[in-house]
Amino acid sequence: MRKITLLIVLVSFQIFAQVEVVSNFSWANKTKVGNKIIFTHTTPEFGAELWVSDGTTAGTMILKDINTGVNSSSPNFFTLIDGIVYFQANTDQIWRTDGTALGTYYLVINNQVTNPKNFVKAGQFIFFSEGTAGTSCCHSLWKTLTSPNSESLVTPLATFLDVDGLVELDSDEVVFNAKTSSGWGIWRSNGVVNELIKDINTGLNSLDIPQMRLPKNIDGTIYFNGFSSDFGGELWTSNGTLPETNMVRDIYTLNDNPFSNLSSSSPTKFTKVGTDVYFSARDVAHGFELWKTNGTGPGTTMVKDINVGNNSNFGPDSFTRVDSFLYFTQNNSENPGNTQIWKTNGTEPGTVLVTSLPNSYLNNIELFYSNGIIYFSLFNPASGSELWKLNTSTDTVSLISDIATGTASSNPADFFEFNGFIYFTATSDGTFGGIKTYRIAEQSLGNSDLSKLNTSVSPNPTRDFVTIDLKKQIDFSVEIYDLLGKKIAQFFNQKLLDFTDLESGVYLVKISDLESGQNTIHKIIKK
């Protein structure tokens, strides 16, 4: 009997020890910069201000009280560019931080700038849009260098009545919607010269709304929901030139209400896997379903009618690339309202249901992938909504931890990876007031998926230097670990690594895309 009792205690401890509390509050707007996490947190003493953490309880503290005292600066719109986070503070100011107190200071304080956001780098400039929040006119495009008080207006109000949307075109230019006396159009700028790319809404009933919606740059081609009164919101692509800015396919062919989204396929969530780009869209017969495109009209097809018939008001979501597969969430005709995880290889037979536990469904649509595992929140009657994982090598699911014990729900959400740990927010007692920041106790670094980024390193083994070969231009970080999981060094956008002073042995080099979060880990042998 004593052995049985001991075994039960041990198993219970192991389940509980799967997660650990890092802080007794959630981290808003959390963003990785260097070897730290910055975020917004509100306290009675400081108001809503800029905080920082090294991922531990002891290393979590206020970074800067920008609006000193109990008043709030409310940092927002955090954007990581070249190892620096740019953000809005005090509503109308732009600040920057490298995660240190000395490296946190204002960049733009200008009474002509209100509500700055949408920070995008192109060339030597950081572009941003500004304009009063909640209004439908009179926004403008600005640029700044990385030094304070270097901002200037890109779209003069005498010519440009309004701007909307902003996306990087290439290393030198940005693309945006702009309204002139001729109406809306899609424009490009290098910060010095502004050029109209195309007016795609030239019909007789041209509407006074931006034309490029939800744009995403994938390998130099911008995919977007392009609006025109002739076709509604449909799939368009552009490389920034007039000849190559075109509607790919009119998916929702019935133009029964051109003045609303009811006549639109409303493509969104563009995600590349292999040579195809997947997205959510709807047609007349099927409602919202999973589609894919190779950039041509004939090559744009629905992958599978999961929710059979025209009864799908909410399409696939949380697109997550895992090797040559796309994982996503969606409900189907057999389980209306019960969201599950699916995966596809791009074919109808290869689009299959992954999770199907009885009386269970995803509590939210968030999927977070790291090192062969998808983390998510799943509800079932026995445990409520708790922390689960999906092993993508076997497509098996398992409960990680019942944080709010019994039938109460901890509602895990807002997953991110930092220093080999998976962090998330959850409530320990099933109430909103009990939300805390947790991390999974076991580091995930050792079970890496080595094919997420297309990179190589050489020579390997090495006695001194290792060179990283990237197959495409990205902003990236490099972290070097020993086999015990201890971080030895970290660099940004550095392709030549010096192993000369390291002891002989095996090391792990983790290369991360700072925009997408994808990473690759290489084992390096140091002679």
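Notes on the structure follow. (Residues numbered from 1 in each chain as written. Predicted model: local features only at pLDDT ≥ 70, side-chain atom pairs only at ≥ 80, totals over all residues. Heavy atoms only, no water.)

Looking only at helices and strands, one finds 1 helix and 44 strands in the protein chain. For the protein chain, buried positions account for 50% of its 527 residues. Summarising the internal contacts of the protein chain: among those between residues at least 6 apart in sequence, 45% fall at separations of at least 24. Put simply, the protein chain shows about 24000 Å² of open surface, and 53% of that area lies on carbon and sulfur atoms. (Helix = DSSP H or I, 4+ residues; strand = E, 2+ residues; numbered from the N terminus. Buried < 20%, exposed > 50% of the residue type's maximum accessible area, 1.4 Å probe, protein only. Contact = heavy atoms within 4.5 Å. Areas by Shrake-Rupley, 256 points an atom, 1.4 Å probe, with all protein chains shown as cover.)

We now examine the environment of Asn-255. Mapped onto the secondary structure, Asn-255 falls in the loop between strand 21 (246-249) and strand 22 (268-273). Sequence separation between Asn-255 and Phe-231 is 24 residues, and the spatial gap between their C-alpha atoms is 6.4 Å.

Next up on the list: the sheet that holds strand 18 (residues 212-218). Strand order in the open sheet made by the 4 strands is 18-19-20-21, with antiparallel pairing throughout. Since the sheet does not close on itself, it has two edges, and those belong to strand 18 and strand 21, each with one partner. Looking at each pair of strands side by side, their axes are set apart by 35 degrees on average, direction ignored. Examined bridge by bridge, strand 19 (residues 221-228) and strand 20 (residues 232-238) share 7 bridges and lie antiparallel to one another. Paired with Ile-222 across the bridge in strand 20 is Ser-238. (Pairing = 2+ DSSP bridges. Axes fitted to C-alpha atoms, helices over the stretch in contact; angles between N-to-C directions.)

A separate point is the nonpolar core. In this structure, Ile-468, Leu-497, Phe-499, Val-509 and Ile-511 are the most contacted members of the largest nonpolar core, which totals 15 residues. For this core, the secondary-structure elements that each account for two or more residues are strand 39 (465-470), strand 40 (476-482) and strand 43 (505-513). Beyond its immediate stretch of four places on either side in the chain, Ile-468 contacts Ser-456, Val-457, Val-478, Gln-494, Lys-495, Leu-497 and Ile-511. (Core = buried A, V, L, I, M, F, W, Y, C linked by side-chain atoms within 4.5 Å.)

Right, let's talk about the pattern of salt bridges for a bit. Considering all chains together, one arrives at 9 salt bridges under this definition. Note that Asp-208 and Lys-179 form a salt bridge whose closest N and O atoms lie 3.0 Å from each other. Taken together, the positions of Asp-208 in the loop between strand 17 (194-198) and strand 18 and Lys-179 in strand 15 (residues 174-180) put the pair 29 residues apart, joining distant regions of the chain. Taking relative accessible area as the criterion, Asp-208 reaches 52% and is therefore assigned exposed. Measuring nitrogen to oxygen at the nearest pair gives 3.0 Å for the salt bridge that ties Glu-417 to Lys-510. Residue Glu-417 is located in strand 35 (residues 413-418), and its partner Lys-510 is located in strand 43; the two are separated by 93 residues in the primary sequence. Both residues of the pair, Glu-417 and Lys-510, belong to the buried class. (Salt bridge = Lys/Arg side-chain N within 4 Å of Asp/Glu carboxyl O.)

Right, let's get into unusual backbone geometry. Put simply, Ser-458 and Pro-459 share a cis peptide bond, and its omega is -5 degrees. Looking at the secondary structure, you find Pro-459 in the loop between strand 38 (455-458) and strand 39. Between Asn-460 and the following residue, Pro-461, the backbone shows a cis peptide bond with an omega angle of 10 degrees. Phi is positive for Asn-115, close to 50 degrees, though the residue is something other than glycine. Assignment of secondary structure puts Asn-115 in the loop between strand 9 (105-109) and strand 10 (117-122). Positive phi, normally seen in glycine, also occurs at Asp-219, with a value near 55 degrees. With respect to the helices and strands, Asp-219 occurs in the loop between strand 18 and strand 19. Given the relative accessible area of 48%, Asp-219 is considered partly exposed.

This part covers the packing of aromatic side chains. Evaluated as defined, the whole model comprises 24 aromatic pairs. Pairing Phe-421 with Tyr-423 gives two aromatic rings, centres 6.5 Å apart and planes at 75 degrees, and the pair type is edge-to-face. Site record: aromatic cluster; members linked through ring pairs are Phe-25, Trp-27, Phe-39, Trp-51, Phe-416, Phe-418, Phe-421 and Tyr-423. Positioned above the aromatic ring of Phe-421, the side-chain terminus of Arg-439 is 3.8 Å from the ring centre. (Phe/Tyr/Trp six-rings, centres within 6.5 Å; stacked < 30°, edge-to-face > 60°. Lys NZ or Arg CZ within 6 Å of the ring centre and 35° of its normal.)

With that out of the way, let us pick up the sheet that holds strand 13 (residues 152-153). In any sheet, the strands associate via hydrogen bonds between backbone groups, in a parallel or an antiparallel arrangement. Across the sheet, which stays open at both edges, the 4 strands sit in the order 10-11-12-13 with antiparallel pairing between neighbours. The open sheet has two edge strands with one neighbour each: strand 10 and strand 13.

Here strand 6 (residues 76-81) runs beside strand 7 (residues 84-89); their pairing, made up of 4 bridges, is antiparallel. Directly across from Leu-80, in strand 7, lies its bridge partner Val-85. Connecting strand 6 to the next strand, strand 7, in antiparallel fashion are 2 residues, including Asp-82 with a positive phi near 50 degrees.

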